[in-house]
Amino acid sequence: MFLRALTVCSMLALSAAGVLADNRSAAKEQVDFGIKVAQNGLWREAQYRWERAVELDPSYAEAWNNLAIAYEHGGKFDDARKAYETAIKLDPKNMLIRQNYDLFKEINDRTQKRRGPR
Amino acid sequence: MIAPRNVAALASIVVLCAAIGCTNFYEIPIETPIQPKMDVTPFTRVLVAGFISGGTDDVDGNLETVRLLRSQLRSKSNLRVIEAEVLPLADIARDQFKAPASAPASAPSDQARGSGPAGSEATNHSGASQPVAESGGQTPAPVPALPPATEGGSSQQVQPVPPLAGGPAADDGKIRNEKDLERYQKIFENTEFWKKLGQEHQNPLIVTGTVLFTNTQSSGFVTQNREIIDPLGRRVVQPYRTYMERKGFIIEPRFIFIDGRTGAVLYADRFHEEILYPAQQQTPPLSSYFELMDRLIPSFLGSLSTQRIRGTRVLLK
């Protein structure tokens, strides 16, 4: 009985892992395509692709990073901030994501910061 | 036998190559758009009229600021820049305070040419402050309606304003600090004056304000960087603290945007920048002025038009 339950659990776990792997692979395709079109200046298409990627795999930090860049390029600063923060949360040790976020914050803070007393 | 220094260098190259090989990243240039702080769509032309300037005598803050802003607007905004004489705004403000309330105010352009009183409209010192969105406000303040004109032909009689204690006319005319500048602020509330100026130039957006450019000195400990060779033979930058006497300049401009159709203030923004040099360094005040203004110009332009900040980001796979 116990052996049967263990087998069922293992099969479920394996199939879940398979689904996750499938999602990651589909998301990766979207990310790759997004990078290609962004390099050609088609940022809207790139944004759409990366939005699809994070829908498919919300734990894909790199996709969130790219999406944040697309939002930044489009002037959607609130969305960009959220996307960067999600990316950092998912992969806190990724220095490249942090570097992007720091550059974004520098611009965002500079434009919003009051430079002198009223 | 390989020296330890070479081993370390070789190891770091191998690690770097491995890191690059394993990481899929693409550096990409991006342009971040910064939305303007005020809506300038009703205007096709801009008049940088003049500034009330003060501080050091080494730089003519009024003239230099007008020149600089005009050239920046010409190249970096969609508005057509009106080439007109620079208004001696401090003198005009002084005259307005001197003039009795019943006396007619000078037309702005007449004053710029240095002629005597000539207009037919009295100055309006209603004292009612216009709603002004200072920096940080994303939407421009609504343009208030002008006070209704009183009867009596073209001449608009307005409430006389008693001279301020210590007003512009009360001192030697020199503006040395923020307190001196405060005495001149009333001119920006004189909607009739700005409306008349606007009419002379077909209702443009008017840019004016104040510029205070002053000397400063400071002494104390500062953090500086020095390059050293570490035990592995690499050059590293190390911060250290040292006592320094420094001198420099502070610039405090306040840019005011006025609707040339109504004379009302649409938006105002205040800035503060300073620069310090080692005490022995001789830097011309005009160079410092331009260095400081260079830092402010993007923010100034950002009030009027969408600016794009270029940079690079890293896309990841």
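The structure this text deals with has already been given above.
Residues numbered from 1 in each chain as written. Chains lettered and ligands numbered in written order. Predicted model: local features only at pLDDT ≥ 70, side-chain atom pairs only at ≥ 80, totals over all residues.

Caption draft 1: View of the overall build of chain B. In terms of helices and strands, chain B carries 7 helices and 8 strands. For chain B, the residues scored as buried account for 33% of the 317 residues in total. Counting only contacts in chain B whose residues sit at least 6 apart along the sequence, the fraction spanning at least 24 positions is 73%. (Helix = DSSP H or I, 4+ residues; strand = E, 2+ residues; numbered from the N terminus. Buried ≥ 20, exposed ≤ 12 C-beta atoms within 10 Å, placed from the backbone. Contact = placed C-beta atoms within 7 Å.)

Caption draft 2: Inspection of the nonpolar core at higher detail. Residue and element names in this part refer to chain B. Counting residues in each nonpolar core, the largest one holds 49 residues, and the members touching the most others are Val-207 and Phe-257. Listing elements by their share of this core, those giving two or more residues are β2 (45-55), α2 (61-76), α3 (89-98), α6 (191-200), β4 (205-229), β5 (235-259), β6 (265-270) and α7 (285-304). Discounting chain neighbours no more than four positions away, the residues touching Phe-257 are Met-38, Leu-205, Val-207, Leu-266, Tyr-267 and Ser-303. (Core = buried A, V, L, I, M, F, W, Y, C linked by C-beta atoms within 7 Å.)

Caption draft 3: Region of interest: the packing of helix α2 (residues 43-56) of chain A against helix α3 (residues 61-73) of chain A. All names here are of chain A. Interhelical geometry of α2 versus α3 gives an angle of 145° and a closest axis separation of 9 Å. The way α2 lies across α3 gives a crossing that is left-handed. Listed contacts from α3 to Trp-43, Ala-46, Gln-47, Trp-50, Glu-51, Ala-53 and Val-54 of α2 are Ala-63, Trp-64, Asn-66, Leu-67, Ala-70 and His-73. Here the contact of α2 with α3 is composed, by residue class, of 9 nonpolar, 3 polar and 1 charged. (Axes fitted to C-alpha atoms, helices over the stretch in contact; angles between N-to-C directions. Left-handed = near helix turned anticlockwise from the far one by under 90°. Nonpolar A, V, L, I, M, F, W, Y, C, P; charged D, E, K, R; others polar.)

Caption draft 4: A look at the packing of α2(B) against α7(B). Residue and element names in this part refer to chain B. Between α2 and α7, the least distance of the axes is 11 Å, while the angle of their chain directions is 45°. Between α2 and α7, the angle is such that the two are oblique. The crossing of α2 and α7 is right-handed. Contact with α2, carried on its side by Glu-64, Leu-68, Leu-69, Gln-72 and Lys-76, involves Tyr-289, Met-293, Ile-297, Phe-300 and Leu-301 of α7 and no other residues of that element. Tallied by class, residues from the contact of α2 with α7 come to 7 nonpolar, 1 polar and 2 charged. (Parallel < 35°, antiparallel > 145°, perpendicular 65-115°, else oblique.)

Caption draft 5: Representation of the interface of chain B and chain A. Listed per partner, the contact involves 25 residues of chain B and 23 residues of chain A. Looking at the side of chain B that touches chain A, the elements with two or more residues in it are β1 (25-34), α7 and β8 (307-316) of chain B. It is β1(B) that contributes the most residues to the side of chain B that touches chain A, 8 residues altogether.

Caption draft 6: Spotlight on helix α4 (residues 77-90) of chain A. All names here are of chain A. Compared with an ideal rise of 1.5 Å per residue, which puts 14 residues at 20 Å, α4 spans 20 Å between its outermost C-alpha atoms and is within 8% of the ideal. Residues of α4 that are buried include every one of Ala-80, Ala-83, Tyr-84, Thr-86 and Ala-87, and no others. Mapping the buried residues of α4 onto a view down its axis gives an arc of 160°, with all of them on the same face. Those residues of α4 that are exposed and aimed more than 90 degrees away from the buried face are Asp-78 and Lys-89. (Expected span 1.5 Å × (residues − 1). Arc of directions from axis to C-beta.)

Caption draft 7: Highlighting the pairing of β2(B). All names here are of chain B. For β2, a buried count of 10 out of 11 residues is recorded, marking the element as mostly surrounded by other parts of the structure. Alignment of β2 against β4, held across 9 bridges, turns out to be parallel. Its bridge partner lying in β4, Gly-50 is registered against Thr-208. (Pairing = 2+ DSSP bridges.)

Shape is all these values report; function is a separate question.
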